[in-house]
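A structural walkthrough
Spelled out, the chains give:
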Amino acid sequence: MQPEVTEIIVVDDQSTDRTAEIVRGLIAKIPRLRLLEVDEVPPGWVGKNCAAFQGSKVATGHWLLFTDADAELQPGAAARALQKAQETNAALISFSPEQLTLAWYEKALIPFVYSRLAKHYSYEAVNNPAAPAAAANGQFLMIQRDAYHPIGGHSAVAAELLEDVALAKRAKAAGFRLWFGSGQGIVRVRMYRSFGAMWQGWKKNLYLLVGGNARSVFGELESAIPWIPMVLILLGVRFPVVMFLGVCFLLLRQLTYGLELSRNQYPFKFIIYYVPAVVLYAGVLWASYRSYLRGKVEWKGREVAVTLPGARH
């Protein structure tokens, strides 16, 4: 399936989902598979960053491919990444995975989030060496060893919750070329299996993704929420004609969202989730902002301290 991959290193970071047991059962069938167990996360490290760095220290390849356990690499995914690196002379290749959405709340929030993020991290800007924009997706991040170690690898972003973007920024600042693009047909993932997990995941990341400060949060809420249709609909309680105008404007915003979905390779029919998508997005962005103000973020049973200007401790 991925003949270019000469070794597979699974780093088990004190997981509770039988990861180590499952991998041990597969080692005899897959000679290139290796299990590395991390007993303790050092102070100042986020668990994922520690696991990735430990894996990088024992990997022997010229390219290092970091991916998540729930990411499904399609046949030829590694070859596509290597081909793209050769075509663009990029030292860091990252695909934004195709998102599998099954529950209604996934179909509402996840496409909306990625459509909004496309405005902040356009592929064109990230891939332009002259532009300052830098981004990557940790679910499929491939980087040359000769670029990874000079920028400090995951040890240089040990405490970063958004380590993939932080690595991309360090690589671009050091003069290495990035290539970031759609992973449609290359890698896919179902990010969350419950509403609670989805909420916690975006609550951890969204504040940082939209800019990491109060001004960016309020600017994002102003842009994402259809304020004018909402006000007109409320005024329409007393003036029916105004309500009609409000509904028309809301439908126009919904249609515009449908076009954004298509541009970002999501089904146009997901426009039916537009209103709950806006509500969920505004809610989780505000919750993310509040968590960072408090200086603590929860993720997979662990509480991570964050230090930001104005955060209370």
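Summary of the structure given here. (Residues numbered from 1 in each chain as written. Predicted model: local features only at pLDDT ≥ 70, side-chain atom pairs only at ≥ 80, totals over all residues. Heavy atoms only, no water.)

1. Here we look at the packing of helix H4 (residues 104-120) against helix H12 (residues 274-294)
At a minimum axis distance of 8 Å, the contact between H4 and H12 shows a crossing angle of 70 degrees. Here H4 is positioned roughly perpendicular relative to H12, judged by the angle of their axes. The chirality of how H4 crosses H12 is right-handed. Residue-level inspection shows Trp104, Tyr105, Ala108, Leu109, Phe112, Val113 and Arg116 of H4 in contact with H12, the latter providing Tyr274, Pro276, Ala277, Val278, Leu280, Tyr281 and Val284. When its residues are assigned to classes, the contact of H4 with H12 shows 13 nonpolar, no polar and one charged. (Axes fitted to C-alpha atoms, helices over the stretch in contact; angles between N-to-C directions. Helix = DSSP H or I, 4+ residues; strand = E, 2+ residues; numbered from the N terminus. Parallel < 35°, antiparallel > 145°, perpendicular 65-115°, else oblique. Left-handed = near helix turned anticlockwise from the far one by under 90°. Contact = heavy atoms within 4.5 Å. Nonpolar A, V, L, I, M, F, W, Y, C, P; charged D, E, K, R; others polar.)

2. Observations concerning the layout of surface pockets
Looking at the second largest pocket, its volume works out to about 160 Å³. Here the lining of the second largest pocket is composed, by residue class, of one nonpolar, two polar and six charged. (1 Å grid on protein atoms, 1.4 Å probe; cavity = no way out; pocket = protein on both sides within 12 Å on 5 of 7 lines; lining within 4 Å. Points joined across faces, edges and corners; volume = space filled by probe spheres on them.)

3. Some points on the side chain of Ser94
Among the structural elements, Ser94 can be located in strand E5 (residues 92-99). Classification of Ser94 by relative accessible area gives buried; the value is 0%. Polar side-chain contacts of Ser94 include one of 2.9 Å to the backbone oxygen of Phe140. In contact with Ser94, not counting residues within four places along its chain, are Ala136, Asn137, Phe140, Leu141, Trp179, Phe180 and Gly181. (Buried < 20%, exposed > 50% of the residue type's maximum accessible area, 1.4 Å probe, protein only. Polar contact = N/O pair within 3.5 Å; in protein donor to acceptor, adjacent residues only side chain to side chain.)

4. Details of the sheet that holds strand E3 (residues 63-67)
Taken in spatial order, the five strands make up an open sheet running E3-E6-E5-E7-E4, and their pairing is mixed. Strands at the two margins of the open sheet, each flanked by one partner only, are E3 and strand E4 (71-73). Taking each pair of neighbouring strands and ignoring which way they run, the sheet shows an average axis angle of 35 degrees. Of the pairings in the sheet, the one linking E5 to strand E6 (residues 140-144) comprises three bridges and is antiparallel in character. Bridged to Leu92 within E6 is Ile143. (Pairing = 2+ DSSP bridges.)

5. Let's talk about the side chain of Asp164
Looking at where Asp164 falls in the secondary structure, it is placed in helix H7 (residues 163-173). For the buried Asp164, no salt bridge is present, and the opposite-charge side chain at shortest range is Lys48, 5.6 Å distant. When near neighbours in sequence (up to four residues on either side) are disregarded, Asp164 contacts Ala136, Asn137, Gly138 and Leu141. (Lys, Arg positive; Asp, Glu negative; His and termini not counted. Salt bridge = Lys/Arg side-chain N within 4 Å of Asp/Glu carboxyl O.)

6. Re the packing of aromatic side chains
Both the distance between ring centres and the angle between the ring planes are used here to describe each pair of aromatic rings. This model, assessed by the stated rule, comprises 20 aromatic pairs. Chaining the aromatic ring pairs together yields one cluster made of Tyr207, Phe218, Trp286, Tyr289 and Tyr292. (Phe/Tyr/Trp six-rings, centres within 6.5 Å; stacked < 30°, edge-to-face > 60°.)

7. Some words on helix H2 (residues 47-58)
When the terminal C-alpha atoms of H2 are compared, their 18 Å separation across 12 residues agrees well with the 16 Å that a helix rising 1.5 Å per residue should span. Within H2 the residues assigned to the buried category are Gly47, Asn49, Cys50, Ala51, Ala52, Phe53, Gly55 and Ser56. (Expected span 1.5 Å × (residues − 1).)

8. Some words on the pattern of salt bridges
Working definition: two side chains of opposite charge can pair if their charged atoms are close together. Counted under the stated rule, the structure contains nine salt bridges. A salt bridge links Arg18 to Glu21; the nearest nitrogen and oxygen atoms lie 3.3 Å apart. Given the relative accessible area of 49%, Arg18 is considered partly exposed. A salt bridge links Glu72 to Arg188; the nearest nitrogen and oxygen atoms lie 2.9 Å apart. Of this pair, Glu72 sits in strand E4 while Arg188 sits in strand E7 (residues 178-189); the two residues are 116 residues apart in sequence, bridging distant segments of the chain.

9. As for the nonpolar core
If you look at the biggest cluster of nonpolar residues, it comprises 69 residues, and the most contacted ones within it are Leu109, Phe112, Ile143, Trp202, Leu206 and Tyr281. Considering every element that reaches this core, the biggest residue donor is H12, with 10 residues. The residues contacting Tyr281, other than those within four sequence positions of it, are Leu109, Phe112, Val113, Arg116, Leu206, Val210, Glu220 and Ala224. Listed in part, the 12 residues of the second largest apolar core include Ala81, Phe140, Trp179 and Val187. (Core = buried A, V, L, I, M, F, W, Y, C linked by side-chain atoms within 4.5 Å.)

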